[in-house]
Amino acid sequence: MAKSQKSKSDKTKRWSQEVTEHSDALTLEHGVFALDDPKEIAASLKRSAEASHRRKAEPFRSAMSMLTFYINRAGKNLSEADRERLEQAKDELRKAFGRPPHD
């Protein structure tokens, strides 16, 4: 497919990948969303958020936003098991920052 004939979904995939890889908010540890343990995912996001000098929001909000962004962008391509693991990582992130659980 020629450059001028790229579909909208190709542009969207490139845009979201670019945001995930080069966000000004956080520098993520490589493979963070592929980790098996939701606690490890949360701990990695917390470290990244607290170490960032570029983020605009507080560390908790930056970390949660990045996790939510990843889940939303993966959409239907995310297996049920992966979605559940990442949703559990949200709960672990709340615990790590001393936030109340989400109902």
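Residues numbered from 1 in each chain as written. Predicted model: local features only at pLDDT ≥ 70, side-chain atom pairs only at ≥ 80, totals over all residues. Heavy atoms only, no water.

*Asks:* Hey, could you run me through the overall build of the protein chain in this one?
*Replies:* Helix and strand counts for the protein chain come out as 4 helices and 0 strands. When burial is assessed residue by residue, the protein chain has 31% of its 103 residues classed as buried. Accessible area of the protein chain: about 7100 Å², with a carbon and sulfur share of 49%. (Helix = DSSP H or I, 4+ residues; strand = E, 2+ residues; numbered from the N terminus. Buried < 20%, exposed > 50% of the residue type's maximum accessible area, 1.4 Å probe, protein only. Areas by Shrake-Rupley, 256 points an atom, 1.4 Å probe, with all protein chains shown as cover.)

*Asks:* Is there a simple way to think about helix α3 (residues 59–74) in this case?
*Replies:* Count 3.6 residues to each turn of an α-helix, and residues three or four apart come out pointing the same way. Relative to the 22 Å expected for 16 residues at 1.5 Å per residue, α3 spans 23 Å between its end C-alpha atoms, a close match to the ideal helical length. Burial in α3 covers these residues: P59, F60, S62, A63, M64, M66, L67, F69, I71 and A74. Once α3 finishes, G75 follows within two positions and takes phi at roughly 50°, a positive value. (Expected span 1.5 Å × (residues − 1).)

*Asks:* Before we go on, may I ask you to explain the pattern of salt bridges in this structure?
*Replies:* Two side chains of opposite charge can pair, provided their charged atoms sit close to one another. Per the stated rule, a full pass over the model turns up 7 salt bridges. Of the charged contacts, one joins R47 and E29 as a salt bridge, the two residues approaching to 2.9 Å between their closest N and O atoms. A residue pair is termed long-range when its members are at least 10 positions apart, and R47 in helix α2 (residues 38–51) and E29 in the loop between α1 (8–22) and α2 qualify at 18 residues. For R47, a relative accessible area of 45% translates into the label partly exposed. In this structure, K95 and E92 form a salt bridge, with 3.5 Å as the shortest nitrogen-oxygen distance. Of this pair, K95 and E92 both sit in helix α4 (residues 80–96), separated by 3 residues, roughly a single helical turn. A relative accessible area of 59% means that K95 is categorised as exposed. (Salt bridge = Lys/Arg side-chain N within 4 Å of Asp/Glu carboxyl O.)

*Asks:* In this structure, what is going on with the packing of α2 against α4? I would like to understand it.
*Replies:* Packed helices, taken two at a time, are described by the angle between their axes plus the distance between the axes. Two elements in contact, α2 and α4, have axes separated by 8 Å at closest approach and are oriented at 55°. In terms of orientation, α2 and α4 fall into the oblique class. Helix-helix and strand crossings are classified by hand; for α2 and α4 the assignment is right-handed. Between α2 and α4, the residues in contact are P38, K39, I41, A42, L45 and K46 and R85, L86, Q88, A89, E92, L93 and A96, respectively. Taken together, the residues of the contact of α2 with α4 sort by class into 8 nonpolar, 1 polar and 4 charged. (Axes fitted to C-alpha atoms, helices over the stretch in contact; angles between N-to-C directions. Parallel < 35°, antiparallel > 145°, perpendicular 65-115°, else oblique. Left-handed = near helix turned anticlockwise from the far one by under 90°. Contact = heavy atoms within 4.5 Å. Nonpolar A, V, L, I, M, F, W, Y, C, P; charged D, E, K, R; others polar.)

*Asks:* Would you explain the packing of α2 against α3 in this entry?
*Replies:* One way to put it is that α2 packs onto α3 with a least axis distance of 8 Å and a crossing angle of 130°. It follows that α2 is oblique to α3 by the angle criterion. In this structure, α2 meets α3 at a crossing whose hand is right-handed. Residues L45, A49 and E50 of α2 pack against P59, A63 and L67 of α3. The class makeup of the residues in the contact of α2 with α3 is 5 nonpolar, no polar and 1 charged.

*Asks:* Is there a simple way to explain α2 in this structure?
*Replies:* Counted at 1.5 Å a residue, the expected span for α2 with its 14 residues is 20 Å, and the 20 Å between its end C-alpha atoms agrees. In this structure D37 caps α2, since a side-chain oxygen of it lies 3.0 Å from the backbone nitrogen of K39. (Polar contact = N/O pair within 3.5 Å; in protein donor to acceptor, adjacent residues only side chain to side chain.)

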